[in-house]
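Summary of the model geometry
For reference, the chains in residue letters:
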Amino acid sequence: MLPYQDRILDSFLRSEGILAVLGKSLGIQSCLLEAARRLLRSGGTDTRHSTDLILLINTSQEEAQLLLRRVNEDYRWAACRDRLQVLGSELSVEDRSESYVRGGIFIVGARVLVPDLLSGRLPAEAVTGVLVNHAHSVGELSPEAFVLRLLRSGSSQAGRRR
């Protein structure tokens, strides 16, 4: 990581809610992966058993595979490599539900998230963070915006019940 990337991530991870806008030439993939690794690490010293559930949305299949390949090549991910998963429609509903319970960082599309959120397989209050890749392409009526609205409304309703 370059020093400016480290500063971005330090301020990003210390904030309660933040929007960080990074362009391709600013090393977005490196920043995304490092943010994911630090978020897993912040869930406790034992990153293999952290129950944080963080979603990385708006990522193409090709980009997801590239991110996984980079994780597999990076020694800093050795302790938590299996905590980053791509969840797609090829996985059964039961497998996705089990993954959500275990926690981790999930690269997942809106087409999978919407039914999981609406059916309760993924309770909105269980989600501890969302990273929106290519946020500039998320329009008001996009599936990703709908996912974010579901998460916001679900977590605020859970807060009222407590």
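In what follows, the accompanying structure is described. Because the structure is a prediction, the values reported are computed rather than measured.

1. Remarks on the sheet that holds strand β3 (residues 104-108)
Ordered in space as β2-β3-β1-β4, the four strands form an open sheet in which the pairing is parallel. Of all strands in the sheet, those bounded by a partner on one side alone are β2 (84-87) and β4 (129-132). Between one strand axis and the next, the sheet turns through 25° on average, direction left out of account. Summarising the sheet, strand β1 (residues 53-57) and β3 pair through four bridges and their orientation is parallel. Bridge assignment links Leu56 to a residue of β3, and that residue is Ile107. Each of β1, β2 and β3 is contacted by helix α3 (residues 61-73), which is oriented at about 160° to β2, the strand it contacts most.

2. A short note on the environment of Leu84
Turning to its location among the elements, Leu84 is positioned in strand β2. Note on Leu84: relative accessible area 6%, which makes it buried. Filtering out sequence-adjacent residues up to four positions away, Leu84 remains in contact with Leu33, Leu68, Val71, Trp77, Ile105 and Ile107.

3. A closer look at the pairing of β2
Inspection of the sheet shows β2 paired to β3 by four bridges, in the parallel sense. Residue pairing across strands places Leu87 opposite Val108, the latter belonging to β3. In the classification by handedness, the crossover that spans β2, the intervening helix α4 (residues 93-102) and the parallel β3 is right-handed.

4. Brief notes about the layout of surface pockets
The space that makes up the second largest pocket amounts to roughly 180 Å³. Along the walls of the second largest pocket sit 14 residues, with Gln61, Leu87, Gly88, Val108 and Gly109 positioned nearest its centre. Listed by contribution, the elements that provide at least two residues to the lining of the second largest pocket are α3, β2, β3 and α5 (110-119). A class-by-class count of the residues in the lining of the second largest pocket yields six nonpolar, six polar and two charged.

5. Considering empty space enclosed by the protein
Scanning the entire structure with this criterion turns up one cavity of 30 Å³ or more. Empty space within the largest cavity amounts to approximately 40 Å³. Every residue along the wall of the largest cavity is listed here: Leu32, Leu33, Ala36, Leu56, Leu84, Ile105 and Leu131. When residues of the lining of the largest cavity are assigned to their parent elements, the largest contribution, three residues, is made by helix α2 (residues 28-42).

Rules of the game
- Residues numbered from 1 in each chain as written.
- Predicted model: local features only at pLDDT ≥ 70, side-chain atom pairs only at ≥ 80, totals over all residues.
- Heavy atoms only, no water.
- Pairing = 2+ DSSP bridges.
- Helix = DSSP H or I, 4+ residues; strand = E, 2+ residues; numbered from the N terminus.
- Axes fitted to C-alpha atoms, helices over the stretch in contact; angles between N-to-C directions.
- Contact = heavy atoms within 4.5 Å.
- Buried < 20%, exposed > 50% of the residue type's maximum accessible area, 1.4 Å probe, protein only.
- Right-handed = clockwise from strand over helix to strand, strands pointing away.
- 1 Å grid on protein atoms, 1.4 Å probe; cavity = no way out; pocket = protein on both sides within 12 Å on 5 of 7 lines; lining within 4 Å.
- Points joined across faces, edges and corners; volume = space filled by probe spheres on them.
- Nonpolar A, V, L, I, M, F, W, Y, C, P; charged D, E, K, R; others polar.

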